[in-house]
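Report on the structure
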Amino acid sequence: METNEQKNDSRHQRRKSRRIFVGDIPLGDGAPVAVQSMTNTDTRDVSSTVGQIKQLEDAGCEIVRLAIPDEIAADALHKIKAEVKAPLIADIHFDYRLAISAIKAGADGLRINPGNIGGRDKLEKVIKEARERGIPIRIGVNAGSLQKDILDKYGHPTPEAMAESALEHIRLFEDMDFNNIKISMKSSNVLNTISAYELLSGKVDYPFHLGVTEAGTLISGTVKNAIGIGMLLYKGIGDTIRVSLSRDPVEEVKAAYEILRALDLRRRGPEIISCPTCGRCEIDLFHIVETVEKGLQGITSSPKVAVMGCVVNGPGEAREADVGIAGGRGQGVLFKKGEVVDKFPEEELAWVLIREVKKLVGG
Ligand code: SF4
């Protein structure tokens, strides 16, 4: 059964980007689109941060970013690193010394905005340290904090302004002979985000980190990210993604995998197909599908699981799935690999389905 793999058919022609590594995770040059997220615990609180990173790892997060606001946080990074597996990226603003401390504490990558790190000489010091340790730096351009001269030129944080800002920073790094970089250009405006990446995609071959920043709550944020990230990935642009939500970061990771699944790029976890219900439904389908979703958490392979309300579309979908149910009046039919297995009362349906899926995947 397919799991967590990159598809490489003709619909997935990817922008040619150079390969870099964040820890042991490859990015670019055809590597699977990597899923990342960011902790929202206080980085200085080692046990809470380690706890959250472990939850993120369980959800499939492959790269974790942490805010490093001060030296205590940089010091904590060292202790956190010793207890987790995922590569850690230190997110630094304003103070180049924190970047150096984070590298020394074992960061696997840095995210900085070169515009606010304190000038070329400070940036040179950071790059020297990153070069010595062989770690990449993400140049993170944000529509909300563009350089003044670029803002003056364009008037607003337009896609052209964002791409020019990124290019300016890239040239600065290239001047210092440092190419171990990836690029992000984030805006809360979906169309601007898409256009900025498109503009830059033909000009450089560095890997792109995609995201729509400050995207919002679970529904609005997921939709904005799915459209912004999804449209770019569909065009072959993007090497790693972070869905940004005002929510537990574990939800970001789940949303990221759903985006990758929808584009047939990667699969992780069961695909649950469920109907919206209508006046024909005679079982409590919402309760059943929630129970099934919870019961299948932790499974990393990707069986197709159908939970359908009635006999109109139910048997068809349930037959196409690896395992499925189609509801009737207070009961339902279980299908497995296209064959009817048996009828079960409504209260048993969720558990029968969970049991059959686990048998199928060997869980
Ligand atoms: Fe309605 Fe049946 Fe379709 Fe569900 S499967 S939406 S209950 S017709």
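Values in this document were obtained by computation on a predicted structure and should not be read as measured data. (Residues numbered from 1 in each chain as written. Predicted model: local features only at pLDDT ≥ 70, side-chain atom pairs only at ≥ 80, totals over all residues. Heavy atoms only, no water.)

Focus: the overall build of the protein chain
Helices and strands together make up the secondary structure of the protein chain, namely twelve helices and 15 strands. In terms of overall size, the protein chain behaves like a compact globule, its C-alpha atoms giving a radius of gyration of 23 Å where 363 residues would be expected to give roughly 21 Å. Its C-alpha atoms put the protein chain at 75 × 40 × 30 Å along the principal axes. Residues counted as buried form 55% of the 363 residues belonging to the protein chain. Sequence-distant contacts, at least 24 apart, represent 64% of the contacts inside the protein chain between residues at least 6 apart. Counting every atom, the protein chain has about 16000 Å² of accessible surface; 50% of that belongs to carbon and sulfur. Treating the 49 positive side-chain charges of the protein chain as one cloud and the 52 negative ones as another, the clouds have centres 2 Å apart. (Helix = DSSP H or I, 4+ residues; strand = E, 2+ residues; numbered from the N terminus. Rg over C-alpha atoms; globule rule 2.2 N^0.38 Å. Buried < 20%, exposed > 50% of the residue type's maximum accessible area, 1.4 Å probe, protein only. Contact = heavy atoms within 4.5 Å. Areas by Shrake-Rupley, 256 points an atom, 1.4 Å probe, with all protein chains shown as cover. Lys, Arg positive; Asp, Glu negative; His and termini not counted. Charge placed at Lys NZ, Arg CZ, Asp CG, Glu CD.)

Digging into the site of the ligand
Every residue close to the ligand is listed here: Cys275, Pro276, Thr277, Cys278, Arg280, Cys281, Met308, Gly309, Cys310, Val312 and Asn313. In terms of residue class, the shell around the ligand is built from seven nonpolar, three polar and one charged. (Near = heavy atom within 4 Å. Nonpolar A, V, L, I, M, F, W, Y, C, P; charged D, E, K, R; others polar.)

Here we look at the packing of helix H7 (residues 190-201) against helix H8 (residues 218-234)
The contact between H7 and H8 brings their axes to 9 Å, and the two run at 20°. Taken together, H7 and H8 sit at an angle that is classed as roughly parallel. The crossing of H7 and H8 is right-handed. The segment H7 lies against H8, with Val190, Thr193, Ile194, Tyr197 and Glu198 engaging Lys224, Ile227, Gly228, Met231 and Leu232. Among the residues forming the contact of H7 with H8, the class breakdown is six nonpolar, two polar and two charged. (Axes fitted to C-alpha atoms, helices over the stretch in contact; angles between N-to-C directions. Parallel < 35°, antiparallel > 145°, perpendicular 65-115°, else oblique. Left-handed = near helix turned anticlockwise from the far one by under 90°.)

Brief notes about the sheet that holds strand S14 (residues 331-336)
Across the sheet, which stays open at both edges, the five strands sit in the order S11-S12-S13-S14-S15 with mixed pairing between neighbours. Every interior strand has two partners, whereas the edge strands, strand S11 (271-274) and strand S15 (339-345), have only one. With direction set aside, neighbouring strand axes in the sheet form an average angle of 20°. Where S14 and S15 come together, six bridges link them in antiparallel fashion. Paired with Phe335 across the two strands is Val340, which belongs to S15. The sheet strands contacting helix H12 (residues 346-361) are strand S12 (304-308), strand S13 (323-327), S14 and S15, and the helix crosses S14 at an angle near 10°. (Pairing = 2+ DSSP bridges.)

With respect to the domain arrangement of the protein chain
On domain assignment, one finds that the protein chain holds domain 1 (20-262) and domain 2 (271-361). Computed over C-alpha atoms only, the centres of domain 1 and domain 2 are separated by 39 Å. (Domains from an automatic or database assignment.)

Quick look at the packing of aromatic side chains
Both the distance between ring centres and the angle between the ring planes are used here to describe each pair of aromatic rings. Using the criterion set out here, one finds two aromatic pairs in the structure. Aromatic side chains Phe173 and Phe178 sit 6.2 Å apart centroid to centroid with 50° between the ring planes, which places their arrangement in the tilted category. Residues Phe173 and Phe178 agree in their burial class; the two are buried. Its end group placed over the ring of Phe208, Arg15 keeps NZ or CZ at 3.7 Å from the ring centre. Above the ring of Tyr257, the side-chain terminus of Arg268 is found at 5.7 Å from the ring centroid. (Phe/Tyr/Trp six-rings, centres within 6.5 Å; stacked < 30°, edge-to-face > 60°. Lys NZ or Arg CZ within 6 Å of the ring centre and 35° of its normal.)

Quick look at helix H2 (residues 71-83)
The set of residues buried in H2 consists of Ala73, Ala74, Ala76, Leu77 and Ile80. Those residues of H2 that are buried are in contact with helix H1 (46-59), strand S4 (63-67), strand S5 (88-92) and helix H3 (96-104). In this structure Asp70 caps H2, since a side-chain oxygen of it lies 3.2 Å from the backbone nitrogen of Ile72. (Polar contact = N/O pair within 3.5 Å; in protein donor to acceptor, adjacent residues only side chain to side chain.)

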